[in-house]
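# Close look at the chain arrangement
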Amino acid sequence: MDFLFDNPLANLYGPYFLIFYVSFITCTIIGYRFLRARIDKTAHYAIPPIPVNPDPFEIAYLRGGANELARAAVFSLNQKSLLRFANDEKTSHIYPTGFQFDKRDLKPIERTALEWFGTTRETKELFAQKDGLAAALKPYGDTFQARLEMQNFFPDAEMIRRNNRLALKAFLIFGSLGAYKIVAAILGGYWNVFGIVFITVIGLFILGIAAKMPRLTALGKAYLERLQLAFERIKPSNHNSLAAAETVPSATFAAVDPFLLSVGVFGGAALAGTIYSDYNRAFERAHNQSAASSGGCGSSCGSSSCSSGGDGGSSCGGGCGGCS
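Residues numbered from 1 in each chain as written. Predicted model: local features only at pLDDT ≥ 70, side-chain atom pairs only at ≥ 80, totals over all residues. Heavy atoms only, no water.

### Topic: the confidence of the model for the protein chain
Counted only if it meets this: The predictor attaches a confidence to each residue, and that confidence, scored 0 to 100, is pLDDT. Only DSSP runs of H or I covering at least 4 residues are called helices, and only runs of E covering at least 2 are called strands; the numbering of each starts at the N terminus. Whether two residues touch is decided by their heavy atoms; if any such pair falls within 4.5 Å, the residues are in contact.
When the pLDDT values of the protein chain are averaged, the result is 81; 81% of them are 70 or greater. Confidence scores differ between elements of the protein chain, with strand β5 (residues 314-317) showing the lowest mean pLDDT of 40 and helix α2 (residues 56-64) the highest of 96. Every residue in residues 240-254 scores below 50 in pLDDT, and together they form 30 contacts with partners more than four places removed in sequence or on other chains. Taken together, the stretch residues 294-324 has pLDDT below 50 and engages in 106 contacts with residues farther than four places along the chain or on a different chain.

### Topic: the pattern of salt bridges
The test is simple: One side-chain nitrogen of Lys or Arg within 4 Å of one carboxyl oxygen of Asp or Glu is enough to make a salt bridge. We call a residue buried when its accessible area falls under 20% of the maximum for its residue type, exposed when it is over 50%, and partly exposed in between, using a 1.4 Å probe and counting protein chains only.
Enumeration according to the criterion identifies eight salt bridges in this entry. One salt bridge connects E68 with R71, and the closest N-O pair in it is separated by 2.1 Å. Placement of the pair is E68 and R71 together in helix α3 (residues 66-79), with a separation of three residues, close to one helical turn. Under the relative-accessibility criterion, E68 is labelled buried at 2%. Look at R71 and you get buried, because its relative accessible area is 1%.

### Some points on the sheet that holds strand β3 (residues 121-122)
The condition is simple: Strands qualify as paired when DSSP identifies two bridges or more between them. Note on method: axes are straight lines fitted to C-alpha atoms, helices fitted across the in-contact stretch only, with angles between N-to-C directions ranging 0 to 180 degrees.
Ordered in space as β1-β2-β3, the three strands form an open sheet in which the pairing is antiparallel. Both edges of this open sheet fall to β1 (83-87) and β3, since each of them pairs with a single strand only. The sheet contact formed by β1 and strand β2 (residues 92-96) spans five bridges and is antiparallel. By the bridge assignment, F85 is partnered in β2 with I94. Along the sheet, α3 contacts β1 and β2; its crossing angle with β1, the most-contacted strand, is approximately 105°.

### Some remarks on the environment of F194
You can see F194 is positioned in helix α8 (residues 194-210). Judged by its relative accessible area of 62%, F194 falls in the exposed class. When the C-alpha positions of F194 and I182 are compared, they lie 9.3 Å apart, and in sequence the two are 12 residues distant.

### Structural notes on the nonpolar core
General note: in soluble globular proteins, nonpolar side chains tend to be found buried as a group. Using the following cut-off: Note on terminology: a nonpolar core comprises buried Ala, Val, Leu, Ile, Met, Phe, Trp, Tyr and Cys residues joined through side-chain atoms within 4.5 Å.
Core analysis: the biggest nonpolar cluster contains 50 residues, and L62, V74, L126, L133 and Y279 have the highest contact counts within it. A per-element tally of this core places α3 first, with seven residues. Filtering out sequence-adjacent residues up to four positions away, L126 remains in contact with V74, I94, W116, F117, G132, L133, A134 and F283. With 21 residues, the next largest nonpolar core counts F17, L177, L207 and A211 among its residues.

Listed below in C-alpha cells is the structure:
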C-alpha cells in the first residue's frame, strides 16, 4: 500500500510533474483526435455524382447551415427584383420593392422568405435565433438536413455517441492522473496543488474544443469539394465581363441560374466584382455591427464562402467564421 503513494510518480517534484502532466495531456488529446478520425467510416464511401438539377438552397444549407440558407434565399429574391438593399455608413437594410409578380413563379422557400420581409428589416435581423429569417426557414432546413443525413453527409447519432464516449475516456485518463497526484501531494503534506487543478481545467477546455464533432462527415466534405470544383468555371467572380453586366445571364448549368448556384456553392464571395455588390456590402455591414457588439466574429458575415472544417463547425473563407 505504501508503494501506491510512495513511488517515483507520486514523489516527482512539483514543477517537473507539471511539465510531465502537460505533455501527458497533450499526448492524450492527440491520441483522442487520431482515434476520433477512425469513427468516421464515410471516408471510404464513394462520392455521389453531382445531380443533373442541383438545388442551390440545399447546397447552401450543406455548406453553411441555416444562415447560409437565409442568405441564398435573400439573394434569389434580390435577383428577381423583389428585395433591395439600402446601405449607409453604419447600418444596412433590406426592403421589399412591391414589384408585381405571380407568386406561382416562386419556389416555396422564396415565398416564405418574401412573406418574412413584410416591412423593411435590418440585415442583422435575418440571423436572430427566435424570429429571424433563418428561423422562419427552419422547416426547409430540417428537410434538407434529413435528406443530407440519408446521404451520410452529416454525422449520425451513433457517430456522435461514440465520439462523446471517446472524449470522456480521454478526460478520465488525464483527469485521473491529476487527481492521483493531488491525493499523493496532500498525503505527503503538500497542499499547493493549484497548478495541477489549473492545468486540468485548461486541459478539459482544450479537449472540449477538440471533441466538438465536425458538422460534415468526410464524405460530406468530399462532396462539397466536388461541387466547388465542378462549378468553379461558372463562378461569377472568375468572369470580368459579368462585372459590367446589366442583366442576369441565362443559366449555364441545366436550368439553374449560375449566380444563384454560385451563391449556394461558394457563398457571397463568388459575387465579387459583379452587379450584386450591394448584396455583399449589406452583409459585411451586418457582420461589422455584430462583431462590434459581441467583440468577435458574428454569424451575419454574408460575403464569406463557408464550408465545414475539422474543428466541428464551419469555417468561412473570404470573411469570418460563425456560419451555423
